[in-house]
Amino acid sequence: MSELDRQSTAIGTVEWDYAPAPEARDIVTLQERYGLFVGGELVDPRSGEWFATIDPSSEEPLAEVAQAGPEDVDLAVRAARDAFTNGWSDIAPSERAKYLFRIARILQERSREFAVLESLNGGKPIRESRDVDVPLAAAHFFYYAGWADKLEYAFPNRRPRPLGVAGQIIPWNFPLLMLAWKIAPALAAGNTVVLKPAETTPLTALLFADVVRQAELPAGVVNIVTGDGRAGAALVDHPGLDKIAFTGSTEVGKAIQRRLAGTHKKLTLELGGKAANIVFDDAALDQAVEGIVNGIYFNQGHVCCAGSRLFVQESVYEPLVQKLKRRMTTLRVGDPLDKNTDVGAINSRQQLEKIQELVRSGEEEGAEIYQPPCRLPEKGYWFVPTVFTNVAQSYRIAQEEIFGPVLSVLTFRTPEEAIEKANNTPYGLSAGVWTEKGSRILWMADRLRAGVVWANTYNRFDPASPFGGYKESGFGREGGRHGLEPYLDFTAENGG
Ligand code: NDP
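Residues numbered from 1 in each chain as written. Predicted model: local features only at pLDDT ≥ 70, side-chain atom pairs only at ≥ 80, totals over all residues. Heavy atoms only, no water.

1. Some thoughts on the overall build of the protein chain
From N to C terminus, the protein chain includes 16 helices and 20 strands. In terms of overall dimensions, the protein chain is globule-like: its C-alpha atoms have a radius of gyration of 23 Å, near the 23 Å expected for 496 residues. The C-alpha extent of the protein chain, read off along each of the three principal axes, is 70 × 50 × 35 Å. Scored against the burial criterion, the 496 residues of the protein chain give a buried share of 58%. Taking as baseline every contact in the protein chain between residues at least 6 positions apart, the subset at least 24 positions apart corresponds to 75%. (Helix = DSSP H or I, 4+ residues; strand = E, 2+ residues; numbered from the N terminus. Rg over C-alpha atoms; globule rule 2.2 N^0.38 Å. Buried < 20%, exposed > 50% of the residue type's maximum accessible area, 1.4 Å probe, protein only. Contact = heavy atoms within 4.5 Å.)

Spelled out as structure tokens, the structure:
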């Protein structure tokens with residue numbers, strides 16, 4: 001056993017006993033069954049199919065949810081078209097803004113309810129849903145409410161017009177936040193939408209349907225069709241849509257792009273990532289360790305921009321890895337509704353199996369694994385925060401998106417080598433740089449092929465800041481003024 005291992009094992013035996021601090025779940029009233037939200041009403045699916053949605057931390061069923069079939073998707077698209085043509089596209093932009101402000105305020109008023117439900121259905125720690133997901137979702141509606149009546153100023157001399165009806169497909173890692181990223185700019189730009197949440201996390205989208213009604217948004221402006229990938233595919237194929245916005249895996253994103261080739265539908269894709277988090281020897285190491293932990297263990301690593309490849313300058317490799325391992329022993333894995341929990345449940349059995357398979361491949365290929373001592377609950381889907389050292393760039397754990405709490409550590413000697421290695425990936429969504437030199441940050445940011453580069457921080461989001469990828473991480477931007485553009489038509493036929 002190396003000196004480092006001996007120290008980390010010794011550190012790992014320290015017990016940190018906290019009293020349980022569970023958030024009360026009675027603020028959430030679950031219905032037994034949820035229909036599809038079409039034309040302002042929750043309706044039973046024409047498909048006649050329902051499925052159970054569960055709490056991944058206990059595998060307990062929470063409710064039954066409708067599986068939308070092609071006929072249901074068609075009804076939702078018609079409702080959205082009707083709402084677009086008969087009112088929404090013509091009302092004064094300042095009126096559209098009022099609805100968005102109203103939605104933002106209701107999200108704030110009902111924030112605890114949303115946070116608890118997000119953690120129940122998705123497995124993420126309440127600390128994150130309460131402090132990140134829900135406030136950011138509200139912030140997106142506030143932000144885009146502000147743009148709704150200023151589009152002429154956002155795009156001077158370009159005569160922006162809404163596209164029409166947008167189909168929006170979102171994943172399970174940030175259910176409410178991704179909904180906000182999609183719906184807020186689309187509505188601000190004057191479009192109507194049909195949104196499909198992920199199969200495993202439909203409940204906050206269905207609670208959002210209630211917010212839409214509370215805000216008295218005209219019927220059909222927002223429609224929500226739940227179901228598995230078949231519902232997503234039916235939406236992609238529907239001829240009545242003007243645009244598809246998709247966030248999810250690169251594989252499904254590529255399939256959607258192939259299906260839409262040659263059609264009139266516009267497309268934006270926000271896909272996977274394998275971000276490099278790069279630590280130079282002049283960085284403040286303790287802060288960097290916090291950024292590394294936040295970069296990969298936030299939301300169980302179910303984050304498209306997760307800092308899943310850590311590049312450490314060789315001269316600080318030993319102390320940094322030692323600090324990181326020590327910090328990992330303090331991470332608390334367990335009940336998502338406990339306010340002390342740092343790492344919650346893995347979103348689904350399928351995702352857990354994918355993580356386990358990739359971790360096995362890392363061990364078989366020769367990487368060294370470290371997992372802090374950790375008691376996992378007996379039921380539910382869990383994975384111990386994991387770090388791999390001795391990783392070669394060719395290993396699958398350094399190449400593929402794991403989408404779990406698993407970090408691969410690699411090293412570099414010079415800034416040029418860091419750039420070369422960081423860019424050696426088919427993805428290009430995000431990156432992090434840790435150094436005390438501003439000039440080095442700018443030098444690195446110029447050369448990293450990533451849509452977002454964080455400096456001396458990680459996983460920072462702001463509605464005013466555009467987000468999106470290069471290469472196989474997708475195209476188009478969400479957030480900021482840029483996030484409005486994919487929902488607007490500037491063509492000459494449209495008067496522009
Ligand atoms: P998917 O890409 O399958 O899911 C994203 C969304 O697309 C979901 O709403 C999904 O529905 C829907 N969908 C699935 N198939 C189709 C289709 N053929 N046409 C249209 N829509 C479809 O991601 P998974 O949930 O399967 O996760 C797989 C992997 O993808 C993860 O392990 C992770 O690596 C990556 N991922 C990346 C994300 C990102 O933000 N970049 C987000 C989620 C996953 P349904 O939920 O019913 O399958």
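Here the narrative resumes, following the displayed structure.
2. Thoughts on the environment of His 140
Residue placement: His 140 occurs in helix H5 (residues 126-147). Judged by its relative accessible area of 2%, His 140 falls in the buried class. In this structure the C-alpha to C-alpha distance between His 140 and Ala 184, which are 44 residues apart in sequence, comes to 6.5 Å. Each residue touching His 140, except ones within four places of it in the same chain, is listed here: Leu 177, Ala 180, Trp 181, Ala 184 and Pro 463.

3. Notes on the pattern of salt bridges
In total, this model carries 28 salt bridges according to the counting rule given. The salt bridge partner of Arg 230 is Glu 49, with a shortest N-O separation of 3.3 Å. Of this pair, Arg 230 sits in helix H9 (residues 229-237) while Glu 49 sits in the loop between strand E3 (41-43) and strand E4 (50-55), placing them 181 residues apart in sequence. What makes Arg 230 partly exposed here is its relative accessible area of 48%. Glu 49 gets classed as partly exposed once you look at its relative accessible area, which sits at 34%. In this structure, Arg 81 engages Asp 242 in a salt bridge whose closest nitrogen and oxygen atoms are separated by 2.8 Å. Of this pair, Arg 81 sits in helix H2 (residues 70-88) while Asp 242 sits in the loop between H9 and strand E10 (243-247); the two residues are 161 residues apart in sequence, bridging distant segments of the chain. The exposure class of Arg 81 is partly exposed, given its relative accessible area of 28%. Three or more residues joined by partner-sharing salt bridges are found here, namely Glu 23, Arg 112 and Lys 339. (Salt bridge = Lys/Arg side-chain N within 4 Å of Asp/Glu carboxyl O.)

4. Description of the sheet that holds strand E18 (residues 452-455)
Pairing is mixed across the open sheet formed by 7 strands, whose spatial order is E14-E15-E16-E13-E12-E17-E18. The sheet is open, and its two edges are formed by strand E14 (368-370) and E18, each paired on a single side. Taken pair by pair, the neighbouring strands of this sheet meet at an average axis angle of 20°, ignoring direction. Here strand E15 (residues 386-389) runs beside strand E16 (residues 406-412); their pairing, made up of 3 bridges, is parallel. From the neighbouring strand, Phe 388 faces E16, where its bridge partner is Ser 408. (Pairing = 2+ DSSP bridges. Axes fitted to C-alpha atoms, helices over the stretch in contact; angles between N-to-C directions.)

5. Regarding the site of the ligand
Among the 28 residues in the neighbourhood of the ligand, the closest are listed as Trp 172, Asp 228, Ser 249, Leu 271 and Lys 354. Measuring from a nitrogen atom of the ligand, one finds a backbone N or O atom of Ala 233 at 3.5 Å. Measuring from an oxygen atom of the ligand, one finds a side-chain N or O atom of Glu 401 at 3.0 Å. Surface burial for the ligand is 85%, taken as the share of its 850 Å² of free accessible area covered by protein chains. Residue assignment for the shell around the ligand shows that the elements contributing at least two residues are H9, E10, helix H10 (250-260) and helix H13 (349-365). (Near = heavy atom within 4 Å. Polar contact = N/O pair within 3.5 Å; in protein donor to acceptor, adjacent residues only side chain to side chain. Areas by Shrake-Rupley, 256 points an atom, 1.4 Å probe, with all protein chains shown as cover.)

6. Quick look at the pairing of strand E7 (residues 165-169)
Burial runs high along E7: 5 of the 5 residues are buried. Of the two faces of E7, the one holding Val 165, Gly 167 and Ile 169 and the one holding Ala 166 and Gln 168 are both buried throughout. For the segment spanning E7, helix H7 (residues 175-188) and strand E8 (residues 192-196), crossover handedness is right-handed. Taken together, the 4 bridges between E7 and E10 define a ladder with parallel strand orientation. (Right-handed = clockwise from strand over helix to strand, strands pointing away.)

7. Remarks on the sheet that holds strand E1 (residues 33-34)
Taken together, 3 strands build an open sheet; the order of strands is E1-E5-E4 and the sheet is mixed. Here the strands that pair on one side only, and so sit at the sheet edges, are E1 and E4. Pairing between E4 and strand E5 (residues 60-66): 6 bridges, direction antiparallel. Pairing of Thr 53 across the sheet is with Ala 63, part of E5. Strands E4 and E5 of the sheet are contacted by helix H4 (residues 111-122), whose axis makes an angle of about 105° with E4.

All we've got here are geometric facts, nothing functional implied.
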